[in-house]
Amino acid sequence: MKLDDRIEAVVSAAAEFPWLGDFTSESVRRWIGLELGPYLSDCEPQRYGSQHCLAVPLSPILHVVSGNTPNAALQSLIRGVIVGAANWIKLPKEGLPEVDIFVHALPHDLRPELSSVLHPRWMEEAEAIVVFGSDETIQEFSKRVLPTQRFLGHGHKISLGLIWGRCDFRIAEGIARDVFPFDQLGCLSPQFFYVAGDSAEFAAELSKRLGEVRSKAATATRERGLAAGLRAFREEWKFRAATEPDVFFWESYGNLDWVVIHDPNPGLVTSPLHGTIFIKAMPADLEFALSPMRRQISTIGLSTVSLESATLAIRLGAQRICEIGQMQYPPLTWHHDGWPALGSFVRYVDVEGL
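All of these numbers come straight from a predicted model, not from anything done at the bench.

Peer 1: Can you break down the sheet that holds strand E3 (residues 61-64) residue by residue, with the values?
Peer 2: Pairing within the open sheet is parallel, and its five strands lie in the order E5-E4-E3-E6-E7. The outermost strands of the open sheet, each flanked by one partner alone, are strand E5 (113-115) and strand E7 (150-154). Here the average twist between neighbouring strands, direction ignored, is 10°. Sheet analysis places strand E6 (residues 128-132) next to E7, joined by five bridges and oriented parallel.

Peer 1: With reference to specific residues and values, describe the pairing of strand E9 (residues 190-196).
Peer 2: The buried count for E9 comes to six of seven residues, which makes it a mostly enclosed element. Looking at chain direction, strand E8 (residues 158-164) and E9 are connected through six bridges and run parallel. Each residue of the ladder has a partner; that of Ile163, found in E9, is Val195. Taken together, E8, helix H7 (residues 169-179) and E9 constitute a β-α-β crossover, and its handedness is right-handed. In the sheet, E9 pairs with strand E12 (residues 276-281) via four bridges, with the strands oriented parallel.

Peer 1: Give a description of the packing of aromatic side chains that names residues and reports values.
Peer 2: The tally for this structure, following the rule as stated, stands at 10 aromatic pairs. Plain terms: the ring middles of Trp88 and Trp122 are 5.5 Å apart, the flat faces sit at 10° to each other, and that makes the pair stacked. Taken together, the residues Trp88 in strand E4 (residues 87-90) and Trp122 in helix H5 (residues 120-125) connect sequence positions 34 residues apart. Neither Trp88 nor Trp122 differs from the other in exposure class; each is buried. Here the aromatic residues Phe17, Trp19, Phe102 and Phe182 are joined through ring pairs into a cluster of three or more. For the cation-ring pair, Arg240 lies above Trp237, with the distance from its terminal atom to the ring centre recorded as 4.1 Å.

Peer 1: So what's going on with the packing of helix H1 (residues 3-14) against helix H2 (residues 25-36)? Residues and values would help.
Peer 2: Where H1 meets H2, the closest approach of the two axes is 9 Å, and the angle between their N-to-C directions is 125°. The angle between the axes of H1 and H2 places the two elements in the oblique class. Along this stretch, H1 crosses H2, giving a crossing that reads as right-handed. Between H1 and H2, the contacting residues are Leu3, Asp4, Ile7, Glu8 and Val11 on the first element and Ser25, Val28, Arg29 and Ile32 on the second. Residue classes in the contact of H1 with H2 are distributed as five nonpolar, one polar and three charged.

About the thresholds
- Residues numbered from 1 in each chain as written.
- Predicted model: local features only at pLDDT ≥ 70, side-chain atom pairs only at ≥ 80, totals over all residues.
- Heavy atoms only, no water.
- Pairing = 2+ DSSP bridges.
- Helix = DSSP H or I, 4+ residues; strand = E, 2+ residues; numbered from the N terminus.
- Axes fitted to C-alpha atoms, helices over the stretch in contact; angles between N-to-C directions.
- Buried < 20%, exposed > 50% of the residue type's maximum accessible area, 1.4 Å probe, protein only.
- Right-handed = clockwise from strand over helix to strand, strands pointing away.
- Phe/Tyr/Trp six-rings, centres within 6.5 Å; stacked < 30°, edge-to-face > 60°.
- Lys NZ or Arg CZ within 6 Å of the ring centre and 35° of its normal.
- Parallel < 35°, antiparallel > 145°, perpendicular 65-115°, else oblique.
- Left-handed = near helix turned anticlockwise from the far one by under 90°.
- Contact = heavy atoms within 4.5 Å.
- Nonpolar A, V, L, I, M, F, W, Y, C, P; charged D, E, K, R; others polar.

Interpretation in functional terms is not warranted from these geometric data alone.
Written as structure tokens, this is what we have:
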């Protein structure tokens with residue numbers, strides 16, 4: 001199928017999922033132009049320096065996706081379809097309804113093969129392999145990849161926020177927009193926020209405003225084992241708040257929707273996620289505090305974005321920087337984990353002498 005037809009098909013299928021972002025024919029063409037210029041086309045090779053060049057899709061592409069963020073699964077598939085590859089998707093055992101809906105909205109010629117079982121031939125024949133999962137999953141797949149295959153592993157990532165200023169309704173609403181989608185399980189979901197100034201006061205105000213922001217939201221249903229784990233975690237921190245200085249605790253009333261914890265420890269602590277928000281005082285040496293997790297940082301949300309705050313976030317190791325409230329909504333052109341989204345799925349063919 002020609003490039004223009006693939007673009008229109010993807011745009012049509014994406015219309016069912018507004019959280020995918022600005023998917024229009026014009027935005028997709030701009031995206032292709034930014035990453036691949038005129039070299040991804042149905043035409044002959046285009047002039048490139050002293051030679052000619054053409055971007056050819058790596059095909060087939062195997063996408064091994066996880067169940068916690070359908071957004072990542074659909075983005076990966078969309079990139080494969082746009083470049084013109086055949087696509088295979090290894091689904092989690094419980095499936096991904098969003099993928100099924102999207103695939104059935106595509107023309108038959110563009111539909112990927114779907115399976116909850118990883119077929120051996122997929123691993124052997126794929127020219128590119130994309131894996132979303134834990135670090136252990138990424139490591140296991142990396143051992144099976146051939147030197148002739150391109151491997152893109154998206155493992156465990158941590159996102160966080162940096163805030164200068166008091167907690168007003170706008171910031172509280174932005175934090176809610178970042179934390180609650182996908183039940184805080186995605187790589188773009190912030191686990192904690194560093195606050196310059198009175199962080200305990202900020203946490204107290206955030207807890208009040210979350211009650212307003214979340215009052216009309218549907219409360220997530222927790223599976224029994226998960227609910228028990230969340231209650232045990234909260235009881236531990238309630239005890240710490242009662243016995244340790246500068247530890248403070250607030251939670252949603254009557255459900256397990258959210259919890260705000262003020263923790264004076266600047267380092268990362270284990271979080272059960274699912275609406276768990278840690279507020280920490282911003283340390284004088286933030287680079288040192290975050291150095292143990294530097295290689296795992298995905299997105300840093302800022303309030304507010306400035307040249308100074310963005311420069312700091314870059315030094316901390318951020319792969320993506322945005323305003324708080326936009327962490328779950330990357331633009332179409334973002335570079336997932338710092339890689340070119342479309343460029344990772346093609347190989348370049350150079351032709352000399354034309």
